[in-house]
Amino acid sequence: DEIVREALRKSSGKALKFASDRIRSDREVVLDVARRYGAPYRFASEELKKDPEVLVEVSKYHRNSLFIATEEHRDCKEAVLVTVKRQGQMLRWASERLRDDEDVVQAAVAQDPRAWKYASPRLQQQQLENMRELELLEHQQQQQQQ
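Reading the values: the criteria
Residues numbered from 1 in each chain as written. Predicted model: local features only at pLDDT ≥ 70, side-chain atom pairs only at ≥ 80, totals over all residues. Heavy atoms only, no water. Helix = DSSP H or I, 4+ residues; strand = E, 2+ residues; numbered from the N terminus. Rg over C-alpha atoms; globule rule 2.2 N^0.38 Å. Buried < 20%, exposed > 50% of the residue type's maximum accessible area, 1.4 Å probe, protein only. Contact = heavy atoms within 4.5 Å. Areas by Shrake-Rupley, 256 points an atom, 1.4 Å probe, with all protein chains shown as cover. Lys, Arg positive; Asp, Glu negative; His and termini not counted. Charge placed at Lys NZ, Arg CZ, Asp CG, Glu CD. 1 Å grid on protein atoms, 1.4 Å probe; cavity = no way out; pocket = protein on both sides within 12 Å on 5 of 7 lines; lining within 4 Å. Points joined across faces, edges and corners; volume = space filled by probe spheres on them. Nonpolar A, V, L, I, M, F, W, Y, C, P; charged D, E, K, R; others polar. pLDDT = per-residue confidence, 0-100. Core = buried A, V, L, I, M, F, W, Y, C linked by side-chain atoms within 4.5 Å. Polar contact = N/O pair within 3.5 Å; in protein donor to acceptor, adjacent residues only side chain to side chain.

### Examining the overall build of the protein chain
Moving on, step 1. In terms of regular secondary structure, the protein chain is built from 10 helices and 0 strands.
Moving on, step 2. For the protein chain, the succession of helices and strands along the chain, N to C, is α-α-α-α-α-α-α-α-α-α.
Moving on, step 3. Taken against the 2.2 N^0.38 rule, which gives 15 Å for 146 residues, the C-alpha radius of gyration of the protein chain at 21 Å runs more than 25% over that of a compact globule.
Moving on, step 4. Seen through its principal axes, the protein chain has C-alpha atoms that stretch 80 × 20 × 20 Å.
Moving on, step 5. Within the span of the protein chain, comprising 146 residues, buried residues form 38% of the whole.
Moving on, step 6. Put simply, 36% of the contacts in the protein chain that link residues at least 6 apart link residues at least 24 apart.
Moving on, step 7. For the protein chain, the accessible area works out to roughly 9000 Å², and carbon and sulfur atoms hold 48% of it.
Moving on, step 8. For the protein chain, the separation between the mean place of its 26 positive charges and that of its 26 negative charges on side chains is 7 Å.

This is the structure:
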(Lines give C-alpha, C1' and ligand atoms only; values in the text may rest on other atoms or scores of the structure.)
Protein backbone atom coordinates (compact mmCIF):
# COMPACT_ATOMS: atom_id res chain seq x y z
CA ASP A 1 0.00 0.00 0.00
CA GLU A 2 2.88 2.39 0.68
CA ILE A 3 4.12 1.88 -2.88
CA VAL A 4 0.67 2.77 -4.21
CA ARG A 5 0.50 5.87 -1.99
CA GLU A 6 3.92 6.96 -3.24
CA ALA A 7 2.82 6.47 -6.85
CA LEU A 8 -0.30 8.54 -6.14
CA ARG A 9 1.81 11.32 -4.63
CA LYS A 10 4.27 11.32 -7.53
CA SER A 11 1.46 11.41 -10.10
CA SER A 12 -0.58 14.08 -8.28
CA GLY A 13 -3.23 11.43 -7.75
CA LYS A 14 -3.61 10.51 -11.42
CA ALA A 15 -2.30 6.99 -10.80
CA LEU A 16 -5.65 6.27 -9.15
CA LYS A 17 -6.99 5.78 -12.68
CA PHE A 18 -4.76 2.70 -13.06
CA ALA A 19 -5.04 1.38 -9.51
CA SER A 20 -6.82 -1.83 -8.61
CA ASP A 21 -10.49 -1.82 -7.65
CA ARG A 22 -9.41 -2.45 -4.07
CA ILE A 23 -7.33 0.74 -4.00
CA ARG A 24 -9.97 2.78 -5.85
CA SER A 25 -12.48 1.61 -3.22
CA ASP A 26 -10.22 2.39 -0.27
CA ARG A 27 -11.88 5.28 1.55
CA GLU A 28 -8.66 6.60 3.10
CA VAL A 29 -6.76 6.54 -0.19
CA VAL A 30 -9.58 8.30 -2.03
CA LEU A 31 -10.01 10.90 0.73
CA ASP A 32 -6.26 11.57 0.64
CA VAL A 33 -6.39 12.03 -3.15
CA ALA A 34 -9.48 14.25 -2.83
CA ARG A 35 -7.82 16.47 -0.23
CA ARG A 36 -4.50 16.76 -2.01
CA TYR A 37 -5.37 16.83 -5.68
CA GLY A 38 -9.13 17.01 -6.16
CA ALA A 39 -9.73 16.10 -9.79
CA PRO A 40 -8.34 12.53 -9.71
CA TYR A 41 -11.11 11.58 -7.28
CA ARG A 42 -13.16 10.92 -10.41
CA PHE A 43 -11.17 7.68 -10.78
CA ALA A 44 -12.42 6.40 -7.42
CA SER A 45 -14.94 3.58 -7.24
CA GLU A 46 -18.50 4.47 -8.19
CA GLU A 47 -19.55 4.07 -4.57
CA LEU A 48 -16.95 6.53 -3.27
CA LYS A 49 -17.62 9.06 -6.04
CA LYS A 50 -21.15 9.28 -4.62
CA ASP A 51 -20.00 9.42 -0.99
CA PRO A 52 -21.00 12.78 0.54
CA GLU A 53 -17.86 12.91 2.70
CA VAL A 54 -15.62 12.53 -0.35
CA LEU A 55 -17.64 15.12 -2.27
CA VAL A 56 -17.36 17.64 0.55
CA GLU A 57 -13.61 17.02 0.92
CA VAL A 58 -13.05 17.64 -2.79
CA SER A 59 -15.12 20.82 -2.54
CA LYS A 60 -13.22 22.09 0.49
CA TYR A 61 -9.84 21.87 -1.15
CA HIS A 62 -10.55 22.56 -4.81
CA ARG A 63 -12.39 25.69 -5.87
CA ASN A 64 -13.29 24.41 -9.33
CA SER A 65 -14.47 21.00 -8.17
CA LEU A 66 -17.93 21.31 -9.73
CA PHE A 67 -16.40 21.80 -13.17
CA ILE A 68 -15.11 18.21 -13.23
CA ALA A 69 -17.73 16.79 -10.87
CA THR A 70 -19.99 13.82 -11.24
CA GLU A 71 -23.75 14.38 -11.34
CA GLU A 72 -23.94 13.20 -7.72
CA HIS A 73 -21.38 15.83 -6.70
CA ARG A 74 -23.25 18.57 -8.57
CA ASP A 75 -26.42 17.59 -6.71
CA CYS A 76 -24.89 17.24 -3.22
CA LYS A 77 -26.09 20.36 -1.41
CA GLU A 78 -23.38 20.30 1.25
CA ALA A 79 -20.58 19.97 -1.33
CA VAL A 80 -22.06 22.63 -3.61
CA LEU A 81 -22.47 25.04 -0.70
CA VAL A 82 -18.82 24.60 0.25
CA THR A 83 -17.82 25.29 -3.35
CA VAL A 84 -20.02 28.33 -4.07
CA LYS A 85 -19.05 29.96 -0.78
CA ARG A 86 -15.48 29.98 -2.11
CA GLN A 87 -16.28 30.71 -5.75
CA GLY A 88 -19.82 31.90 -6.41
CA GLN A 89 -19.77 31.45 -10.15
CA MET A 90 -19.34 27.70 -9.70
CA LEU A 91 -23.13 27.82 -9.30
CA ARG A 92 -23.08 27.42 -13.08
CA TRP A 93 -22.07 23.77 -12.65
CA ALA A 94 -24.49 22.89 -9.84
CA SER A 95 -27.46 20.67 -10.61
CA GLU A 96 -30.67 22.27 -11.82
CA ARG A 97 -32.27 21.42 -8.49
CA LEU A 98 -29.57 23.28 -6.53
CA ARG A 99 -29.60 26.29 -8.85
CA ASP A 100 -33.22 26.58 -7.70
CA ASP A 101 -32.30 26.26 -4.00
CA GLU A 102 -32.44 29.61 -2.20
CA ASP A 103 -29.70 28.72 0.31
CA VAL A 104 -27.27 27.69 -2.41
CA VAL A 105 -28.02 30.68 -4.64
CA GLN A 106 -27.76 33.15 -1.74
CA ALA A 107 -24.38 31.69 -0.75
CA ALA A 108 -23.13 31.95 -4.33
CA VAL A 109 -24.38 35.51 -4.80
CA ALA A 110 -22.94 36.60 -1.45
CA GLN A 111 -19.53 35.48 -2.70
CA ASP A 112 -19.97 36.88 -6.24
CA PRO A 113 -23.08 38.83 -7.29
CA ARG A 114 -22.49 37.80 -10.92
CA ALA A 115 -23.59 34.28 -9.92
CA TRP A 116 -27.24 35.45 -10.26
CA LYS A 117 -27.09 34.67 -13.95
CA TYR A 118 -26.77 30.96 -13.07
CA ALA A 119 -29.73 30.88 -10.68
CA SER A 120 -32.91 29.18 -11.86
CA PRO A 121 -35.37 31.25 -13.90
CA ARG A 122 -37.81 31.00 -10.97
CA LEU A 123 -35.35 32.56 -8.52
CA GLN A 124 -34.28 35.19 -11.05
CA GLN A 125 -37.93 36.15 -11.56
CA GLN A 126 -38.51 36.21 -7.80
CA GLN A 127 -35.52 38.52 -7.38
CA LEU A 128 -36.80 40.81 -10.12
CA GLU A 129 -40.22 40.99 -8.44
CA ASN A 130 -38.59 41.75 -5.08
CA MET A 131 -36.59 44.56 -6.64
CA ARG A 132 -39.72 46.03 -8.26
CA GLU A 133 -41.55 45.92 -4.91
CA LEU A 134 -38.63 47.63 -3.23
CA GLU A 135 -38.56 50.36 -5.88
CA LEU A 136 -42.31 50.87 -5.44
CA LEU A 137 -41.93 51.17 -1.65
CA GLU A 138 -39.08 53.66 -2.05
CA HIS A 139 -41.17 55.68 -4.49
CA GLN A 140 -44.12 55.70 -2.07
CA GLN A 141 -41.87 56.83 0.77
CA GLN A 142 -40.50 59.65 -1.34
CA GLN A 143 -44.06 60.70 -2.21
CA GLN A 144 -45.02 60.78 1.49
CA GLN A 145 -41.99 62.90 2.37
CA GLN A 146 -42.94 65.60 -0.14
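### Quick look at empty space enclosed by the protein
Moving on, step 1. Within the structure shown, the criterion is met by 1 cavity of 30 Å³ or more.
Moving on, step 2. Listed by contribution, the elements that provide at least two residues to the lining of the largest cavity are α1 (2-10) and α3 (27-36).
Moving on, step 3. Among the elements that take part in the lining of the largest cavity, α1 stands out by supplying 3 residues, more than any other.
Moving on, step 4. Counted by class, the lining of the largest cavity contains 2 nonpolar, no polar and 3 charged residues.

### Focus on the confidence of the model for the protein chain
Moving on, step 1. Looking at the protein chain, pLDDT values average 88 and 99% of them are 70 or higher.
Moving on, step 2. Mean pLDDT values for the elements of the protein chain range from 80 in helix α5 (residues 52-61) up to 98 in helix α8 (residues 96-99).

### What to know about the side chain of Ser 45
Moving on, step 1. One can find Ser 45 in the loop between α3 and α4 (46-49).
Moving on, step 2. Among all residues touching Ser 45, those that are not within four sequence positions of it are Arg 24 and Ser 25.

### Some points on the nonpolar core
Moving on, step 1. Core analysis: the largest hydrophobic core is formed by 37 residues, its most contacted members being Leu 16, Tyr 41, Val 54, Val 80, Val 84, Leu 91 and Val 104.
Moving on, step 2. Of all the elements in the fold, those that place two or more residues in this core are α3, α5, α7 (77-86) and α9 (102-111).
Moving on, step 3. Once you skip the residues sitting within four places of it in the chain, Val 80 turns out to touch Leu 66, His 73, Arg 74, Ala 94, Leu 98 and Val 104.

### Quick notes on α5
Moving on, step 1. Those residues of α5 that fall on the buried side of the exposure criterion are Val 54, Leu 55, Val 56, Glu 57, Val 58 and Ser 59.
Moving on, step 2. Buried residues along α5 sit against α3, α4, α6 (71-74) and α7.
Moving on, step 3. N-capping of α5 is provided by Asp 51, with a side-chain oxygen placed 2.7 Å from the backbone N of Glu 53.

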